[in-house]
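Structure assessment
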Amino acid sequence: MQLLHAPSWPHLSFQTTKQHSKGGLLSLEKCLQPSTANCFFQPQKLERSIWVSHGRSIFSCFTPKAASVEAGASATSIGTAEGNVLKALSQIIDPDFGTDIVSCGFVKDMLINEASGEVSFCLELTTPACPIKDMFEQQANEVVARLPWVKKVNVTMSAQPAKPIFAGELPAGLQRISNIVAVSSCKGGVGKSTVAVNLAYTLAGMGARVGIFDADVYGPSLPTMVSPENRLLEMNPEKRTIIPTDYLGVKLVSFGFSGQGRAIMRGPMVSGVINQLLTTAEWGELDYLVIDMPPGTGDIQLTLCQVVPLTAAVIVTTPQKLAFIDVAKGVRMFSKLKVPCVAVVENMCHFDADGKRYYPFGRGSGSQVVQQFGIPHLFDLPIRPTLSASGDSGMPEVAADPQGEVSKIFQNLGVCVVQQCAKIRQQVSTAVTYDKSIKVIRVKVPDSEEEFLLHPATVRRNDRSAQSVDEWTGEQKLQYGDIPEDIEPAEIRPMGNYAVSITWPDGFSQIAPYDQLQMIERLVDIPQPTSVQS
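Residues numbered from 1 in each chain as written. Predicted model: local features only at pLDDT ≥ 70, side-chain atom pairs only at ≥ 80, totals over all residues. Heavy atoms only, no water.

**With respect to the confidence of the model for the protein**
Here the protein averages 79 in pLDDT, while 80% of its residues score no lower than 70. Element-level mean pLDDT values for the protein span from 38 in helix 2 (residues 75-78) up to 96 in strand 6 (residues 210-214). (pLDDT = per-residue confidence, 0-100. Helix = DSSP H or I, 4+ residues; strand = E, 2+ residues; numbered from the N terminus.)

**Side note on the layout of surface pockets**
Considering only enclosed or pocket space, the largest pocket measures out at about 630 Å³ in volume. Forming the walls of the largest pocket are 25 residues, and the residues nearest its centre are V339, P340, C341, P446 and D447. Where the lining of the largest pocket is concerned, the elements lending two or more residues are helix 9 (321-336), strand 13 (341-346), helix 13 (405-429) and helix 15 (514-519). A total of five residues in the lining of the largest pocket trace back to one element, the largest contributor, which is helix 13. When grouped by side-chain class, the residues that make up the lining of the largest pocket number 14 nonpolar, seven polar and four charged. (1 Å grid on protein atoms, 1.4 Å probe; cavity = no way out; pocket = protein on both sides within 12 Å on 5 of 7 lines; lining within 4 Å. Points joined across faces, edges and corners; volume = space filled by probe spheres on them. Nonpolar A, V, L, I, M, F, W, Y, C, P; charged D, E, K, R; others polar.)

**Brief notes about the sheet that holds strand 16 (residues 378-380)**
For sheets, the rule is that strands pair by backbone hydrogen bonds, running either parallel or antiparallel. Ordered in space as 9-10-6-11-5-12-13-16, the eight strands form an open sheet in which the pairing is mixed. Whereas interior strands pair on both sides, the edge strands pair on one side only; in this sheet they are strand 9 (245-247) and strand 16. Strand-to-strand twist across the sheet, computed as the mean angle between neighbouring axes with direction ignored, equals 25 degrees. Of the strand pairs in this sheet, strand 12 (residues 312-317) and strand 13 are connected by five bridges, and their pairing is parallel. Bridged to V316 within strand 13 is V345. Across the sheet, helix 5 (residues 192-205) lies against strand 5 (177-184), strand 6, strand 9, strand 10 (250-254), strand 11 (286-292), strand 12 and strand 13, angled at about 170 degrees from strand 11, the strand it touches most. Against the sheet, helix 10 (residues 365-373) makes contact with strand 12, strand 13 and strand 16, and its axis sits at roughly 165 degrees relative to strand 13, the strand it touches most. (Pairing = 2+ DSSP bridges. Axes fitted to C-alpha atoms, helices over the stretch in contact; angles between N-to-C directions. Contact = heavy atoms within 4.5 Å.)

**Structural notes on the pattern of salt bridges**
Here the structure, examined in full by the defined rule, presents 15 salt bridges. One salt bridge in this structure joins D352 and R357, with 2.8 Å as the shortest N-O distance. If you follow the salt bridges from partner to partner, you end up with R209, E285 and D287 in one network. (Salt bridge = Lys/Arg side-chain N within 4 Å of Asp/Glu carboxyl O.)

**Notes on the environment of G284**
Positionally, G284 belongs in the loop between helix 7 (267-279) and strand 11. For G284, a relative accessible area of 15% puts it in the buried group. Between the C-alpha atom of G284 and that of A172, which follows or precedes it by 112 residues, the distance is 9.5 Å. The residues contacting G284, other than those within four sequence positions of it, are R176, I177 and K251. (Buried < 20%, exposed > 50% of the residue type's maximum accessible area, 1.4 Å probe, protein only.)

**Quick word on the nonpolar core**
By size, the foremost hydrophobic cluster in this structure holds 111 residues, and its most contacted members are Y201, F213, W283, I291, F334, L413 and L517. Ranked by residues supplied to this core, first place goes to helix 13 with 11 residues. Each residue touching W283, except ones within four places of it in the same chain, is listed here: G173, L174, I177, G211, I212, F213, P244, K251, V253, L278 and L289. Counting 26 residues, the second-largest nonpolar core is a separate cluster that includes A88, I101, C104 and L123. (Core = buried A, V, L, I, M, F, W, Y, C linked by side-chain atoms within 4.5 Å.)

As structure tokens, then:
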């Protein structure tokens, strides 16, 4: 899967003049048209409303990154006091990874004042939306406070700067987004936009920095479902970037906010509009960008999946068999593109009346998707007049009634998305590593329990790029003897969910898809460990 860069589309050429508004921001209403007319608009006013509805669940919230306190350090080398604190913290087990938080390297910036008995340290989260961050903070305080010499404990909970797990070049607007979640149904009218908007505001209520991208140019739903004060996107003429509008602290981009209503244009033009709106927007640092996918599995959907490294997808369906048929196409599309589907939402599944539960559209579509494709989580959304009314009123249901039944379902869905994205990022970041002690490349493909070893020289010789294989004739240009047997990778970095980028000492950067690595000849005899020079 190749990343595409946003082309310059004539129908989206942003026009600027020497005279513009006081704030230097241009409206997209005219700038999205093939016109040289001047654009004058006042600067965007941003307001942030905070509303929270915290849930609790047990799963990993920490990042398996190198920390300032390295795992395995002896108490002798780092001091007896610090060793005692680390030993106490090692009692806290990460439920997902099955190891203690010290061994995983989650403890950072430890400061100890033995004279006053004060201990300070930081626990770094992968996302500020971690629903059990309060529990981890409480456990850390308790285990350290039990040490006889400790009189005061200061635990700081923090989150990593937002960044994608992707080694290749990304458009500037997407470079500070940690997770991109697609909400898809491949069929219109099943409530996909309702799920996307309420999921986004649920994640925001959990403390995350969130944005919503409405990818349906033909029939944008976002302008109806939310009520931002500024209903027109604006452009920064100096950077030639789009400034998202804002509602309740969530950043919003939709073609419906461009001042042109619904688009009447052919497929290639639509793909260009989506590409430009998504990649040139000033999203800033986001923990989650929720993409409300348009119906279908055609050019627009493929363009989205190629332009952005999707972390995961949420599938929306209804109980009817007809909905299942279209949803199955979407699941297969995501499977081909190596995008994990982490949850299924069955919308309009039932309603309660006279003390009974009724299923007006039948039963089983959601369960069938889960069973047939192995998607781990299923959420049932009931038929509720308030849910429909909230979509029409411009106030998401989870914001209007954060303690209601529907909000609790979305809270569970939000926890699921946070959990699964954390797992996916951890699996991807550790899928392919180089073991210097035995000079082999270790491979454990995400969603697979199998781990195998590859010889670095064999991996390098199996490169299938144009530098190694003639694209026209298929002739092998890279010869066996061109690669020394003792070659070692200089760096290995993940590329989304489907491949890794391997940089070799000669400067060559090899893209190695997981599927290709699984086909390469494997090492059977494990080499003996050798001393590793620091």
